[in-house]
Amino acid sequence: MKNRLLFKTVSLLIVLAMLMLGLSMIQDVVKDRIRNRDYAVQSVVSSLAGSQTLIGPALVQNCTETTSTPNGKKIEYTTREFQRQLLPDSVSHNANAAMEERSRGLHLINAYVLHDQIQASFTNADQFAQPPSATSAAKASVSCGKLYLSFALSDPRGIRSATVEANNKELNVESGTSLEHYSKGIQSEINPATLKKGEPLSISLKLQLLGTERLAFTPIGAENKVTLTADWPHPSFGGSFLPARREVTDNGFTANWEISSLATSASTAFTRQQGLCSSGYGDSEPDYTVTSAARAAASGNGPCLETMNTEFVNPVNVYSLSDRSTKYGVLFVILTFVAVGLFEVMKKLRVHPVQYLLVGSALCSFFLLLISLSEHLGFATAYVIAASSCVALLAFYATHILGSIKRGLPFAAAISALYGLLYVLLQLEQTALVVGSIALFAVLALVMICTRHVDWYAFGHSDSDAPSKAVADKELA
């Protein structure tokens, strides 16, 4: 073909398409490993306990109103069931989470044991000493069942121990709750006769709870205070409220929340049995407590149940970093082809499309090495090994296809800089775009400067300017 430049361009486009297909297959492998990690987490959750959301405590009593209506010589009776609820005036959590890392195959899951001391006060608890007045008709009577202190949990399988005291008197603890929709958790029966008029009911609840990866509290009281400490140095705070104060060190963290009922609609959502609010990032919070009826109610216009969330995250997620790195694969290949093409143009060499394909394949193999090694060695170590191996291979191969060691070493240095830039981009979050943009602009400027005197017409139609194989072999020797 007379027009060598056109032939080379078409050939390189075909090579690039083949490499993109290979990169897409590697991305599928990475996504498959991410799915395996999610399956491992779900496997641990199904046999241990999931993320925990603490809802309560609240006083709950189920009542029945019976109305009699004369109908000729007969009397018809109608009944209406309802539930009395009283939310606390103040709730305080003094919680400590001790991490217990679990594993499933190659995957590590952040589990924790929560020791929580909960103090709650109910100022108007004495209203439960008498049944409520009938509201439907004069000829109606109201009867109420047992009064319970209910405390809902997202996954009660994680309960290791629980003790409840009311006015310094220990109560029996039962599984489940009297709440209509938040049915999972614990409850304790309270004798209404012990509630004295004008005296608040003080509740002390000590809870030892097992969970995985996430912990959340709901501010359903008039005043809510949460103090959370943990021996995990990488917390991620979310939900509807961030901590008012937090201190994160290499040994763990301490976080404090102080939420007033004026700042949240959680009490209203709790009374209406609404579902948990979304995380604010487009995903719903894991919800093991709310039943389908509550979720249906949450789909209406009522407020959702707000939470204060803490996630125990890993600072270096090898799967997310590997997934991000593969997204730079096409850019890697294109920049490397540009580097080889510069040597072709500047040194008047001939590099076959098959050689481009082999160079690109070596670059693609880096991403496969990275994900496979990082599962065993950690991301940083795996990155160094994979990058060093690929640079060494490309340096050896470039020395021969470019005709000399003097040309192969600068090419290897450029590839090393490219890997270094990728590692920097993976560590950055907020500034990754600006750093990447500046780097691409610098590469474009370098290419334009190096090729400013190139006669592209002559390069496209002439083959006489390429050195013979004998000359290249002599220079290599």
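On a predicted model such as this, the values are computed, not experimentally measured, just so you know.

Rules behind the numbers
Sequence order sets the numbering: in each chain, residues are counted from 1 along the sequence as written. Side-chain atom pairs in this predicted model are given and counted only at pLDDT of 80 or more, local residue features only at pLDDT of at least 70, and totals for whole chains, interfaces and linings cover all residues. Computation of side-chain values: all heavy atoms of the structure, hydrogens and water removed. Axis lines are fitted to C-alpha atoms, over the contacting stretch for helices. Their N-to-C directions set the angle, which ranges from 0 to 180 degrees. Note on conventions: DSSP H or I runs of at least 4 residues are helices, E runs of at least 2 residues are strands, and numbering of each starts at the N terminus. In these notes the angle categories are as follows: under 35 degrees is roughly parallel, over 145 is roughly antiparallel, 65 to 115 is roughly perpendicular, and the rest is oblique. Any two residues whose heavy atoms approach within 4.5 Å are treated as being in contact. Here the term charged refers only to Asp, Glu, Lys and Arg, the term nonpolar to Ala, Val, Leu, Ile, Met, Phe, Trp, Tyr, Cys and Pro, and the term polar to all other amino acids, Gly among them. Here the aromatic set is Phe, Tyr and Trp, taking the six-membered ring for Trp, and pairing holds for ring centres within 6.5 Å; pairs whose planes are under 30 degrees apart are stacked, those over 60 apart are edge-to-face, and all others are tilted. Here's how the labels work: a residue is buried when its accessible area is under 20% of the maximum for its type, exposed when over 50%, partly exposed in between, all with a 1.4 Å probe on protein chains only. Given a helix with a known number of residues, its expected span is that number minus one, times 1.5 Å. Here a polar contact is recorded for every N or O atom pair within 3.5 Å, except that within protein the pair must consist of a potential hydrogen donor and a potential acceptor, and residues adjacent in sequence are included only if both atoms are side-chain atoms. When two cysteine sulfur atoms are found within 2.5 Å, that pair is recorded as a disulfide.

### Here we look at the packing of helix 4 (residues 318–326) against helix 6 (residues 353–377)
- Here helix 4 crosses helix 6 at 175°, and the two axes come no closer than 10 Å. Of the possible angle classes, the one that applies to helix 4 and helix 6 is roughly antiparallel. Two secondary-structure elements touch here, helix 4 through Val318, Tyr319, Ser322, Ser325 and Thr326 and helix 6 through Phe367, Leu370, Ile371, Ser374 and Glu375.
- Taken together, the residues of the contact of helix 4 with helix 6 sort by class into 5 nonpolar, 4 polar and 1 charged.

### Looking at the packing of aromatic side chains
- On inspection of all chains with the given rule, the structure shows 11 aromatic pairs.
- For the ring pair Phe366 and Tyr383, a centre distance of 5.3 Å and an interplane angle of 85° mean the geometry is edge-to-face. Of the two residues, Phe366 is situated in helix 6 and Tyr383 in helix 7 (residues 379–401); the sequence distance between them amounts to 17 residues.
- Overall, Tyr383 belongs to the buried group, its relative accessible area being 5%.
- Taken together, Phe366, Phe367, Phe379, Tyr383, Tyr419 and Tyr423 form an aromatic cluster joined through their ring pairs.

### A short note on unusual backbone geometry
- Gly56 connects to Pro57 through a cis peptide bond whose omega is 5°.
- By the element assignment, Pro57 lies in strand 1 (residues 52–71).
- Of note, Asn168 is a non-glycine position whose phi angle comes to about 65°, a positive value.
- Considering the arrangement of structural elements, one finds Asn168 in the loop between strand 6 (159–166) and strand 7 (169–171).
- Classification of Asn168 by relative accessible area gives exposed; the value is 75%.
- We note that Glu213 has phi near 70°; this positive angle belongs to a residue other than glycine.
- Counting through the fold element by element, Glu213 comes out in the loop between strand 10 (201–212) and strand 11 (214–217).
- By relative accessible area, which is 23% here, Glu213 ends up partly exposed.

### Description of helix 8 (residues 405–427)
- Here helix 8 spans 33 Å end to end across 23 residues, near enough to the 33 Å set by a 1.5 Å rise per residue.
- Along helix 8, the residues classified as buried are Arg407, Gly408, Phe411, Ala412, Ile415, Leu418, Tyr419, Leu422, Leu425 and Leu426.

### Side note on the side chain of Arg214
- Inspection of the secondary structure assignment puts Arg214 in strand 11.
- Separated by 3.3 Å, the side chains of Arg214 and Thr53 make a polar contact.
- There is a polar contact of 3.4 Å between the side chain of Arg214 and the side chain of Asn309.

### Notes on helix 6
- With 25 residues, helix 6 extends 35 Å from end C-alpha to end C-alpha; this agrees with the ideal 36 Å at 1.5 Å per step.
- At the exit of helix 6 stands Gly378, carrying a positive phi of roughly 95°.

### Quick look at the state of the cysteines
- Across all of its chains, the model carries 1 disulfide by this definition.
- Disulfide partner of Cys63: Cys144, at an S-S distance of 2.0 Å. Judged by the sign of its S-S torsion, about 105°, the bond between Cys63 and Cys144 is right-handed. Of this pair, Cys63 sits in strand 1 while Cys144 sits in strand 5 (residues 140–153); the two residues are 81 residues apart in sequence, bridging distant segments of the chain.
- Judged by its relative accessible area of 28%, Cys144 falls in the partly exposed class.
- With no disulfide of its own, Cys364 lies closest to Cys390 among cysteine sulfurs, the gap being 9.7 Å.
- Residue classification places Cys364 among the buried positions, given a relative accessible area of 7%.
- Note on Cys390: relative accessible area 3%, which makes it buried.

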